Each structure stands twice: as C-alpha cells, then as structure tokens.
Amino acid sequence: MQQSIRQILSSNLVLYLYHLAITCAAYYYYLIGKAKDVELYWLQKPEASQWVEQGVIPLREYFILYLNYPFVQWLHLPVEFGFLLYSTIGFVGILYWKRLVTYYVPSGIVISGYNLLPIVYFLPNQHFFTSLLGKEPLVFLAIAGALHSLLVRKHIGIAILFAILLAIVRPYMLPILLMALVPYIIVQNRHRLPRLYMFLATALVVGVASIWMLLKSSWLQVFDFSRIQALQQAHINVFAHTSGYIPIHEYWFPAQWFAFNFRPLPLEHQATFSWLISVENLVLLAIFVFGIVCMFLVKKALSLWRLDFWVFVLLSLLSVALMAQIYANYGLLVRMKIMFQPFSLIIPLYYLAQRFAKTNK
C-alpha cells in the first residue's frame, strides 16, 4: 500500500526538522572556529569581494562567491541566512537520495513488523556536511539529482543540468561520475547505436571540458604529471602536520576503500566529533557486512543484482582511487565520502530488504 500524501509530507517534515537541528550544530561548529571556509564563502574576508568584482572565472569556490555576493553585498543578509539557505539546498539533495533509496527498497526493511529503513535517513554525518555553508550541499544535490534523474526518472535533460552544476562546483567529480555511468549507458542503449554514440560523445566532451575547467581554475593550468605529483605531495605535507593525519595514500586499495568508508572507528580518536562519527561508521559497517551476508543467503542473488548497482560500485571505487591520493586526513575522509557512500549504501540495503522479505512471508 502506497503512503498517503500526508504521511509523505509528515515523514519529510520530521526529517527536515532533524536536518535543521543538525544545521544548528554545524553553525556552532562555525562559531567555535572550526568551519573556517564559511568566512570566505560568505564574503567576510576582503579578498572575497575583490575576486568577484575583478571578474574571476566563477568556478569551484569562486562560483560560491558569485552566488552569495547579492545576499551579502546588496541585501546585507547575515551568515545565519547563508546557513539556512545552504542547509535547505542540502536537504533537497537528501530528498533526491531518499527517493533513490525508496525506489530500490520500496517495501523497506521489515523485521518483526518494524520497518527499520528510515533509520538510515537520520544518520548525522550526511546531514551535517550538507548543512554547512559551502560546496558540499551543492555537490551532494548535483550527484543525487543527476543519479535520480537518470536512473529513476530517465530525464536526460535534468540530469545534464545537475551535471553542469557538479562541473562548476567540483570539476574533478564529474569525470568520475561519467565513468561510473558509462557501462550503464552502454548496456541500456546497446540496441540503439545512434543514441549510444551520442551519449558517449557527449560524455567525452563534457568530461574533457570539466578537466579543462579544473586545470584552468587551479595553479596546474596544463595536464602535467610532474605538477600533479607536486600538488599531491603538497597536500600530503600539509596534512602530515595535522592531528587527523592518516597516511591513506600508502595503503593498498582495499584498505583505502575501507578507511574512506568506515574510519575512524571507536577508540581511534577521543574527540567528541570523532567519537560520534565513529559510532555512525560502526553502524554503516554493520549494514554493509550484513548486506553482503544476505547477498549469499538470498536465493538467486545474482539474478537480483541490478545494472544500476554498477554505477554505485564504480562511483565508490573511482572516488576512493582518486581522493585517497590527496586527502590524508580523517576530517576530509568523513567530509568527502558523502559524495559516494550514501549511494553504495543502497546495495546492502537492497539485499537486506530481499532477505527479510523472504523471512516475513
């Protein structure tokens, strides 16, 4: 039985109120000086306004400055408005992700008569970083919106709009997303070759354009391996002197993937924020482990595997392969994984639902 409109509105309202509560925590995080980027994004630093007035290319963080300029310089709105604005943008992304989850797990995960699926909607890390004033709310909205538009609604045009937003705000993520989508696009359109060639050509052009924008908006300027290696080493050198340093670039790939998805674990760090994150990571690890176990317990598990899931798998693997080379810090691992983990989480949730659906019959 489908939910009534009132039930849907009610559940989303509760989720939004929870998201606003997390936004208050994010705002406190800013007040104690932890979210230093906020001062730049809300043009509280003199150079921020100067960059906009000088006509700097609106890419990456500069796009955020252009976006916020009218609110700050013309309307003189306080930073609290900025938090509310970006928190709401992030929440729209969460709604897109929630629709993805309910599309693949429509009946929920029912155990002893209780649907436990809604618990994952309230995991705090995703809400925290999508409520900060910065790039994360826009990036998460772009990825969730593009995947939902393409995989669920089959709206290519809307997916392209979200892809453009992703290319502007975080250019390196668009080629990763496109590479994750290529096998899906090939299989889906294998009998419609003209359409397939058009999609692949478009993906190639957009991907190359995104890389070009990334190069031109950074000090790299050109694709040069020696410069890329120098940039990587510069990142590692900076992170090596932080309390959250983790030499993830030295790990073998399975350990990198595990670290990005499930670390820090309890007892690794004593700070309050790290402890809260570690508890959530333990919950996520349990979901992934039990989901994988259920893959082997469900009859004809391979036949239940969906083509769409390869998109989530590749998005996760490719993201870790790139980010592990430059983000050697626990705080950034926790922050960056919202771009891929919520989507790969759908796979174990799907098999948990399949397993308990069989048990409940």
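Residues numbered from 1 in each chain as written. Predicted model: local features only at pLDDT ≥ 70, side-chain atom pairs only at ≥ 80, totals over all residues. Heavy atoms only, no water.

Novice: In this structure, what is going on with the overall build of the protein chain? I would like to understand it.
Specialist: Counting its secondary structure elements, the protein chain contains 18 helices and 2 strands. A globule of 361 residues ought to have a C-alpha radius of gyration of about 21 Å, and the protein chain, at 21 Å, matches this closely. Expressed as a percentage of the 361 residues in the protein chain, the buried residues total 47%. Summarising the internal contacts of the protein chain: among those between residues at least 6 apart in sequence, 75% fall at separations of at least 24. Put simply, the protein chain shows about 18,300 Å² of open surface, and 68% of that area lies on carbon and sulfur atoms. Looking at charge distribution, the protein chain has the averaged site of its 25 positive side-chain charges lying 19 Å from that of its 12 negative ones. (Helix = DSSP H or I, 4+ residues; strand = E, 2+ residues; numbered from the N terminus. Rg over C-alpha atoms; globule rule 2.2 N^0.38 Å. Buried < 20%, exposed > 50% of the residue type's maximum accessible area, 1.4 Å probe, protein only. Contact = heavy atoms within 4.5 Å. Areas by Shrake-Rupley, 256 points an atom, 1.4 Å probe, with all protein chains shown as cover. Lys, Arg positive; Asp, Glu negative; His and termini not counted. Charge placed at Lys NZ, Arg CZ, Asp CG, Glu CD.)

Novice: Where do I start with a nonpolar patch on the surface in this structure?
Specialist: Nonpolar side chains collect at one region of the surface, where Trp275, Leu276, Val279 and Val283 lie side by side and expose about 350 Å² of accessible area between them. Overall, the relative accessible area of 48% leaves Leu276 in the partly exposed class. (Patch = residues over 30% accessible without salt bridge, like charges linked within 9 Å, V, L, I, M, F, W, Y side chains within 5 Å. Salt bridge = Lys/Arg side-chain N within 4 Å of Asp/Glu carboxyl O.)

Novice: Hey, could you run me through the pattern of salt bridges in this one?
Specialist: All chains considered together, the criterion is met by 4 salt bridges. Here Arg170 makes a salt bridge to Glu136, at a shortest N to O gap of 3.1 Å. Of this pair, Arg170 sits in the loop between α8 (156-169) and α9 (173-188) while Glu136 sits in helix α7 (residues 135-153), placing them 34 residues apart in sequence. For the pair Arg170 and Glu136, a shared accessibility class is recorded, and that class is buried. Several salt bridges converge on common partners, so that one network encompasses Arg60, Glu61 and Lys135.

Novice: Would you explain the nonpolar core in this entry?
Specialist: Generally speaking, soluble globular proteins have nonpolar side chains that are buried together. Judged by nonpolar contacts, the single largest core of 116 residues is most densely connected at Trp97, Leu147, Phe260, Leu315 and Phe343. With 12 residues, the single largest contributor to this core is α7. (Core = buried A, V, L, I, M, F, W, Y, C linked by side-chain atoms within 4.5 Å.)

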